[in-house]
Amino acid sequence: MTEPRARLAAVAPCPTPRASEKAESALAAPGSRLADELCDAVTQTLFSASLIAEALPALWERDPEEARQSLIELRQLSQGAIAEMRTLLLELRPASLTAADLGDLLQQLADASAGRTRAKITVAAQAPQALPSDVRIALYRIAQEAINNAVKHAKASHVDLSLNCTAVPPDIDRKPAYRVELCVRDNGRGFQPDMVQPGQHGLDIIRERARTIGADLAIKSRPNHGTEIVVTWEEGE
C-alpha cells in the first residue's frame, strides 16, 4: 500500500521551545528548524497510520495477504512515530541531550527517519560515557543533519552510521586519552564537494559544529556514488 501523503489540517502547530536559561536557549536554537520538520513529520506519519488502520477491515475481507503487508507497514509507521515523538521531545527540552546516552540518541534518530522514509539505517555506536557535553551535542547534531540530508535531499535508501572510540597512547606531554570518530555513509545521489556553494544549510551546520569542538571533518562524495562524512574528535585537542 502506498503511504498517504495528506496532512491533518486540524492539527495545531507544535509549540516553540522556551528556554529559561541562556545555556538552554543556545542549545535549542540550532534544533528549532529540525523541530518544526519533526512536528510536520509526526503529523504525516500518524495520519498515514490512521488511514491504513481505517482501511484494514475491508482490505482483510478482500485480500488477506495485502492486509498482512499493510499491518507490517502500520507497525513500521507506529514505531517511526514513537521515535519521532521522542526526538521531538528532546528538541523541546534540549538540555536533556547532555544526559542521554549518545548511542541511544543516534539509534533514536535512525528509527525516526527509517520509519518515515523506509530507508534502511544501521547504527553501530560506541562512545565514552564521560564525553564532554558540547562534544556530545555537536556529534548528535552532525549525525542529525547528515541523516536528514541523506534521506531527504540525496534520496538515499541505505545509511550506515558508526561511532567509534579508540585509545590514544600517552606521550611525554600528556596522559592517556581517546579519539572519537563519527561516520555517516549513504548510497544517495552524491554531489561534487568542491562545487557546493555557501548557504547549503545542512552542510554549513555540519562544518560549524565540527569547528566549534575542534574536530576534523572530511566529506567525500561523487554524483551517483553516495556521500561519506567523517568527524574525528580527540580528547585534549
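As shown above, the structure is provided for reference.
Bear in mind the structure is a predicted one, so any value in this text is a computation, not a measurement.

## Notes on the pattern of salt bridges
Item 1. Applying the stated criterion across every chain yields a total of six salt bridges.
Item 2. Where R179 meets E234, a salt bridge forms, and the shortest distance between an N and an O atom there is 2.9 Å. With R179 in strand β3 (residues 177–186) and E234 in strand β5 (residues 227–234), this residue pair connects regions lying 55 residues apart in the sequence.
Item 3. Using a relative accessible area of 7% as the deciding quantity, one classes E234 as buried.
Item 4. Taking the shortest distance from any N to any O, the salt bridge between R207 and D204 comes out at 3.8 Å. Placement of both R207 and D204 in helix α6 (residues 201–212) is noted, with a separation of three residues, approximately one turn of the helix.

## As for unusual backbone geometry
The phi angle of most residues is negative, glycine excepted, and most peptide bonds adopt the trans form.
Item 1. Here R118, not a glycine, exhibits a phi torsion of approximately 75°, which is positive.
Item 2. Counting through the fold element by element, R118 comes out in the loop between α4 (102–117) and β1 (120–125).
Item 3. Judged by relative accessible area, which is 34%, R118 ranks as partly exposed.
Item 4. Despite not being glycine, N224 has its phi angle at roughly 70°, a positive value.
Item 5. Residue placement: N224 occurs in the loop between β4 (216–221) and β5.

## Quick word on the packing of helix α3 (residues 64–92) against helix α5 (residues 133–153)
Item 1. One way to put it is that α3 packs onto α5 with a least axis distance of 14 Å and a crossing angle of 130°. The angle between the axes of α3 and α5 places the two elements in the oblique class. Where α3 crosses over α5, the two elements pack in a sense that is left-handed. On α5, the residues touching T87, L90 and E91 of α3 are Y140, R141 and Q144.

## Let's talk about the sheet that holds β3
Paired through backbone hydrogen bonds, the strands of a sheet run either parallel or antiparallel to each other.
Item 1. Strand order across the open sheet formed by five strands is β1-β2-β3-β5-β4, with mixed pairing between neighbours. Edge positions in the sheet fall to β1 and β4, since each has one partner strand and no second. Along the sheet, successive strands turn relative to each other by an average axial angle of 10°, direction set aside.
Item 2. For β4 and β5, the ladder comprises six bridges, and the chain directions are antiparallel. Bridging from a neighbouring strand, K220 pairs with E228 of β5.
Item 3. Contacts from α5 reach β1, β2 (158–168), β3 and β5, with the element oriented near 15° to β3.

Cut-offs used in this document
Residues numbered from 1 in each chain as written. Predicted model: local features only at pLDDT ≥ 70, side-chain atom pairs only at ≥ 80, totals over all residues. Heavy atoms only, no water. Salt bridge = Lys/Arg side-chain N within 4 Å of Asp/Glu carboxyl O. Helix = DSSP H or I, 4+ residues; strand = E, 2+ residues; numbered from the N terminus. Buried < 20%, exposed > 50% of the residue type's maximum accessible area, 1.4 Å probe, protein only. Axes fitted to C-alpha atoms, helices over the stretch in contact; angles between N-to-C directions. Parallel < 35°, antiparallel > 145°, perpendicular 65-115°, else oblique. Left-handed = near helix turned anticlockwise from the far one by under 90°. Contact = heavy atoms within 4.5 Å. Pairing = 2+ DSSP bridges.

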